[in-house]
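Given next are the chains, with one letter for each unit.
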Amino acid sequence: MEHNLEHTIALLAHTPSALNTLLRDLPEDWTLRNEGDETWSVFEVIGHLNHGERTDWMARARTILRFGETKEFEPFDRLAQKRESKGKSLGQLLDEFAQLRSENLAELRGLNLQKEELARRGRHPSLGVVTLAELLATWAAHDLTHLHQISRIMAHQYREAVGPWSKFLGVLQCAGHSS
(Lines give C-alpha, C1' and ligand atoms only; values in the text may rest on other atoms or scores of the structure.)
Protein backbone atom coordinates (compact mmCIF):
# COMPACT_ATOMS: atom_id res chain seq x y z
CA MET A 1 0.00 0.00 0.00
CA GLU A 2 1.37 3.37 -0.99
CA HIS A 3 1.42 6.18 1.57
CA ASN A 4 -1.81 8.17 1.65
CA LEU A 5 -1.75 11.28 3.84
CA GLU A 6 -5.52 11.29 4.39
CA HIS A 7 -5.42 7.68 5.59
CA THR A 8 -2.44 8.43 7.84
CA ILE A 9 -4.21 11.38 9.45
CA ALA A 10 -7.40 9.33 9.93
CA LEU A 11 -5.51 6.59 11.76
CA LEU A 12 -3.52 9.07 13.84
CA ALA A 13 -6.73 10.87 14.80
CA HIS A 14 -8.31 7.65 16.12
CA THR A 15 -5.43 6.49 18.31
CA PRO A 16 -6.17 8.71 21.35
CA SER A 17 -9.79 7.55 21.59
CA ALA A 18 -8.79 3.91 21.07
CA LEU A 19 -6.28 4.17 23.91
CA ASN A 20 -8.71 6.05 26.11
CA THR A 21 -11.46 3.47 25.56
CA LEU A 22 -9.14 0.56 26.28
CA LEU A 23 -7.20 1.96 29.22
CA ARG A 24 -9.02 4.68 31.16
CA ASP A 25 -9.90 3.68 34.72
CA LEU A 26 -8.41 0.19 34.50
CA PRO A 27 -6.86 -1.17 37.71
CA GLU A 28 -3.12 -0.55 37.96
CA ASP A 29 -2.53 -4.31 37.73
CA TRP A 30 -3.27 -3.90 34.02
CA THR A 31 -1.31 -0.71 33.44
CA LEU A 32 1.75 -0.70 35.70
CA ARG A 33 2.98 -4.25 35.15
CA ASN A 34 5.24 -5.22 32.27
CA GLU A 35 6.31 -8.43 30.53
CA GLY A 36 9.54 -8.92 32.48
CA ASP A 37 13.06 -7.51 32.59
CA GLU A 38 13.74 -4.51 30.36
CA THR A 39 10.14 -4.29 29.10
CA TRP A 40 7.68 -1.44 29.40
CA SER A 41 4.36 -1.19 31.19
CA VAL A 42 1.28 0.28 29.52
CA PHE A 43 1.92 3.44 31.56
CA GLU A 44 5.42 3.71 30.10
CA VAL A 45 4.16 3.15 26.55
CA ILE A 46 1.70 6.05 26.89
CA GLY A 47 4.50 8.21 28.30
CA HIS A 48 6.65 7.24 25.30
CA LEU A 49 3.85 8.22 22.91
CA ASN A 50 3.59 11.61 24.65
CA HIS A 51 7.31 12.19 24.34
CA GLY A 52 7.11 11.37 20.64
CA GLU A 53 4.28 13.85 20.17
CA ARG A 54 6.41 16.56 21.76
CA THR A 55 9.79 15.84 20.20
CA ASP A 56 9.60 13.47 17.24
CA TRP A 57 7.03 13.45 14.48
CA MET A 58 6.13 17.08 13.84
CA ALA A 59 9.55 18.34 14.95
CA ARG A 60 11.15 16.12 12.32
CA ALA A 61 8.56 17.07 9.70
CA ARG A 62 9.40 20.75 10.32
CA THR A 63 13.11 19.94 10.05
CA ILE A 64 12.60 18.25 6.67
CA LEU A 65 10.49 21.11 5.33
CA ARG A 66 12.86 23.81 6.56
CA PHE A 67 16.31 22.24 6.12
CA GLY A 68 15.93 19.16 3.93
CA GLU A 69 18.96 16.89 4.19
CA THR A 70 21.25 19.67 5.46
CA LYS A 71 20.23 19.27 9.11
CA GLU A 72 20.13 15.88 10.83
CA PHE A 73 17.16 15.14 13.10
CA GLU A 74 17.70 15.48 16.82
CA PRO A 75 18.22 11.99 18.31
CA PHE A 76 15.11 10.57 20.01
CA ASP A 77 15.34 9.69 23.70
CA ARG A 78 13.51 6.36 23.91
CA LEU A 79 13.53 6.43 27.72
CA ALA A 80 12.47 10.04 28.34
CA GLN A 81 9.03 8.90 29.53
CA LYS A 82 10.57 7.61 32.77
CA ARG A 83 11.33 11.16 33.93
CA GLU A 84 8.55 13.00 32.07
CA SER A 85 5.74 10.78 33.41
CA LYS A 86 6.91 10.81 37.02
CA GLY A 87 4.12 11.86 39.39
CA LYS A 88 1.39 11.65 36.76
CA SER A 89 -1.56 9.29 36.58
CA LEU A 90 -2.43 7.22 33.53
CA GLY A 91 -5.51 9.40 33.10
CA GLN A 92 -3.31 12.49 32.95
CA LEU A 93 -1.05 10.83 30.38
CA LEU A 94 -4.04 9.86 28.23
CA ASP A 95 -5.40 13.42 28.40
CA GLU A 96 -1.97 14.81 27.55
CA PHE A 97 -1.66 12.45 24.60
CA ALA A 98 -5.08 13.45 23.23
CA GLN A 99 -4.19 17.14 23.51
CA LEU A 100 -0.73 16.80 21.96
CA ARG A 101 -2.04 14.64 19.12
CA SER A 102 -4.85 17.09 18.40
CA GLU A 103 -2.37 19.98 18.21
CA ASN A 104 0.02 18.02 16.00
CA LEU A 105 -2.70 16.94 13.60
CA ALA A 106 -4.01 20.50 13.36
CA GLU A 107 -0.50 21.61 12.43
CA LEU A 108 -0.09 18.74 9.96
CA ARG A 109 -3.41 19.50 8.27
CA GLY A 110 -2.49 23.19 8.16
CA LEU A 111 0.64 22.42 6.15
CA ASN A 112 -1.59 21.32 3.24
CA LEU A 113 1.18 19.02 2.06
CA GLN A 114 1.38 18.21 -1.63
CA LYS A 115 3.20 15.41 -3.42
CA GLU A 116 6.34 17.56 -3.82
CA GLU A 117 6.61 18.27 -0.09
CA LEU A 118 5.94 14.63 0.81
CA ALA A 119 8.90 13.67 -1.38
CA ARG A 120 11.22 16.09 0.46
CA ARG A 121 14.14 14.37 2.12
CA GLY A 122 15.63 14.70 5.57
CA ARG A 123 18.44 13.03 7.44
CA HIS A 124 17.82 10.58 10.29
CA PRO A 125 20.78 10.13 12.71
CA SER A 126 20.96 6.35 12.21
CA LEU A 127 18.84 5.57 9.13
CA GLY A 128 20.28 8.21 6.84
CA VAL A 129 18.12 9.82 4.17
CA VAL A 130 14.34 9.52 4.63
CA THR A 131 11.38 11.24 3.01
CA LEU A 132 8.60 13.18 4.68
CA ALA A 133 6.11 10.60 3.38
CA GLU A 134 8.14 7.82 5.02
CA LEU A 135 8.23 9.74 8.31
CA LEU A 136 4.46 10.23 8.29
CA ALA A 137 3.77 6.58 7.34
CA THR A 138 6.08 5.53 10.16
CA TRP A 139 4.14 7.72 12.61
CA ALA A 140 0.98 5.73 11.79
CA ALA A 141 2.76 2.36 11.91
CA HIS A 142 4.37 3.43 15.22
CA ASP A 143 0.89 3.94 16.70
CA LEU A 144 -0.12 0.47 15.53
CA THR A 145 3.07 -1.04 16.94
CA HIS A 146 2.29 0.39 20.36
CA LEU A 147 -1.37 -0.63 20.24
CA HIS A 148 -0.13 -4.15 19.53
CA GLN A 149 2.43 -3.84 22.33
CA ILE A 150 -0.22 -2.66 24.80
CA SER A 151 -2.45 -5.64 23.92
CA ARG A 152 0.49 -7.98 24.37
CA ILE A 153 1.49 -6.44 27.75
CA MET A 154 -2.05 -6.71 29.06
CA ALA A 155 -2.55 -10.27 27.81
CA HIS A 156 0.73 -11.22 29.46
CA GLN A 157 -0.85 -10.48 32.84
CA TYR A 158 -3.22 -13.42 32.25
CA ARG A 159 -0.70 -15.81 30.70
CA GLU A 160 -1.10 -18.29 33.57
CA ALA A 161 -4.76 -17.56 34.35
CA VAL A 162 -5.92 -18.76 30.91
CA GLY A 163 -4.48 -22.20 31.51
CA PRO A 164 -4.43 -24.55 28.51
CA TRP A 165 -6.12 -21.99 26.22
CA SER A 166 -2.82 -20.13 25.99
CA LYS A 167 -1.83 -22.22 22.97
CA PHE A 168 -4.77 -20.70 21.02
CA LEU A 169 -4.04 -17.10 21.99
CA GLY A 170 -1.58 -15.60 19.52
CA VAL A 171 -1.09 -12.51 21.66
CA LEU A 172 0.48 -14.76 24.30
CA GLN A 173 2.81 -16.36 21.75
CA CYS A 174 4.15 -13.04 20.43
CA ALA A 175 7.57 -12.19 21.81
CA GLY A 176 7.40 -8.55 20.78
CA HIS A 177 8.89 -6.56 17.97
CA SER A 178 10.16 -3.34 19.50
CA SER A 179 13.85 -3.47 20.25
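Conventions and cut-offs
- Residues numbered from 1 in each chain as written.
- Predicted model: local features only at pLDDT ≥ 70, side-chain atom pairs only at ≥ 80, totals over all residues.
- Heavy atoms only, no water.
- Phe/Tyr/Trp six-rings, centres within 6.5 Å; stacked < 30°, edge-to-face > 60°.
- Helix = DSSP H or I, 4+ residues; strand = E, 2+ residues; numbered from the N terminus.
- Buried < 20%, exposed > 50% of the residue type's maximum accessible area, 1.4 Å probe, protein only.
- Axes fitted to C-alpha atoms, helices over the stretch in contact; angles between N-to-C directions.
- Parallel < 35°, antiparallel > 145°, perpendicular 65-115°, else oblique.
- Left-handed = near helix turned anticlockwise from the far one by under 90°.
- Contact = heavy atoms within 4.5 Å.
- Nonpolar A, V, L, I, M, F, W, Y, C, P; charged D, E, K, R; others polar.
- Pairing = 2+ DSSP bridges.
- Core = buried A, V, L, I, M, F, W, Y, C linked by side-chain atoms within 4.5 Å.
- Salt bridge = Lys/Arg side-chain N within 4 Å of Asp/Glu carboxyl O.
- Patch = residues over 30% accessible without salt bridge, like charges linked within 9 Å, V, L, I, M, F, W, Y side chains within 5 Å.
- Areas by Shrake-Rupley, 256 points an atom, 1.4 Å probe, with all protein chains shown as cover.

Enquirer: Give a description of the packing of aromatic side chains that names residues and reports values.
Expert: What the rule picks out here adds up to two aromatic pairs. For the ring pair Trp57 and Trp139, a centre distance of 6.0 Å and an interplane angle of 10° mean the geometry is stacked. Of this pair, Trp57 sits in helix 4 (residues 57–67) while Trp139 is found in helix 8 (residues 132–156), placing the two residues 82 residues apart along the sequence. Residue class for Trp57 comes out buried when judged on its relative accessible area of 6%.

Enquirer: Outline the packing of helix 6 (residues 90–110) against helix 8, listing residues and values.
Expert: Look at helix 6 against helix 8: their axes get within 14 Å of each other, and the N-to-C directions meet at 155°. Here helix 6 is positioned roughly antiparallel relative to helix 8, judged by the angle of their axes. Viewed along their axes, helix 6 and helix 8 form a crossing whose handedness is left-handed. Between helix 6 and helix 8, the contacting residues are Arg101, Asn104, Leu105 and Leu108 on the first element and Leu136, Trp139 and Asp143 on the second. Counted by class, the contact of helix 6 with helix 8 contains four nonpolar, one polar and two charged residues.

Enquirer: Please set out the pairing of strand 1 (residues 121–124) residue by residue, giving values where relevant.
Expert: The two faces of strand 1 differ: Gly122 and His124 on one face are buried, but Arg121 and Arg123 on the other face are not. Joining the antiparallel neighbours strand 1 and strand 2 (residues 128–131) is a turn of three residues.

Enquirer: Tell me about the nonpolar core, and please be specific about residues and values.
Expert: Formed by 18 residues in total, the largest nonpolar core has its most connected members in Leu108, Leu113, Leu132, Leu136 and Trp139. For this core, the secondary structure elements donating two or more residues are helix 1 (5–23), helix 4, helix 6 and helix 8. Looking at which element gives the most residues to this core, the answer is helix 8, with five residues. Ignoring any residue separated from it by four or fewer positions in sequence, one finds Trp139 in contact with Leu12, Glu53, Trp57, Met58, Arg101, Asn104, Leu105 and Leu108. Within the second largest apolar cluster, 15 residues are counted, among which are Phe43, Val45, Phe97 and Ile150.

Enquirer: Please give an account of the pattern of salt bridges that cites residues and values.
Expert: One pass over the structure, following the stated rule, counts 14 salt bridges. Within the structure, one salt-bridge network assembled from shared partners comprises Arg54, Glu84, Lys88 and Glu96.

Enquirer: Give a detailed account of unusual backbone geometry, specifying residues and quantitative values.
Expert: The backbone phi angle of Asp25 is positive, close to 70°, even though this residue is not glycine. One can find Asp25 in the loop between helix 1 and helix 2 (28–31). Judged by its relative accessible area of 76%, Asp25 falls in the exposed class. In this model, Asn112 sits at a positive phi of 45°, which is unusual for a non-glycine residue. Looking at the element boundaries, Asn112 is found in the loop between helix 6 and helix 7 (115–118). Taking the relative accessible area as the measure of exposure, Asn112 reaches 53% and is therefore exposed.

Enquirer: I'd like a description of the pairing of strand 2, backed by residues and values.
Expert: Pairing geometry for strand 1 and strand 2, over four bridges, is antiparallel. The partner of Arg121 across the bridge, within strand 2, is Thr131.

Enquirer: Got a sec to walk through a nonpolar patch on the surface? Specific residues and values, please.
Expert: On the surface, Trp165, Phe168, Leu169 and Val171 cluster together into a nonpolar patch covering about 440 Å² of accessible area. Within the element layout of this structure, Trp165 appears in the loop between helix 8 and helix 9 (170–173). Since its relative accessible area comes to 59%, Trp165 is described here as exposed.

Enquirer: Requested: an account of the side chain of Asp143, with residues and values cited.
Expert: Residue placement: Asp143 occurs in helix 8. Those residues in contact with Asp143, other than ones at most four positions away along the chain, are Leu11, Leu12, Thr15, Leu49 and Arg101.

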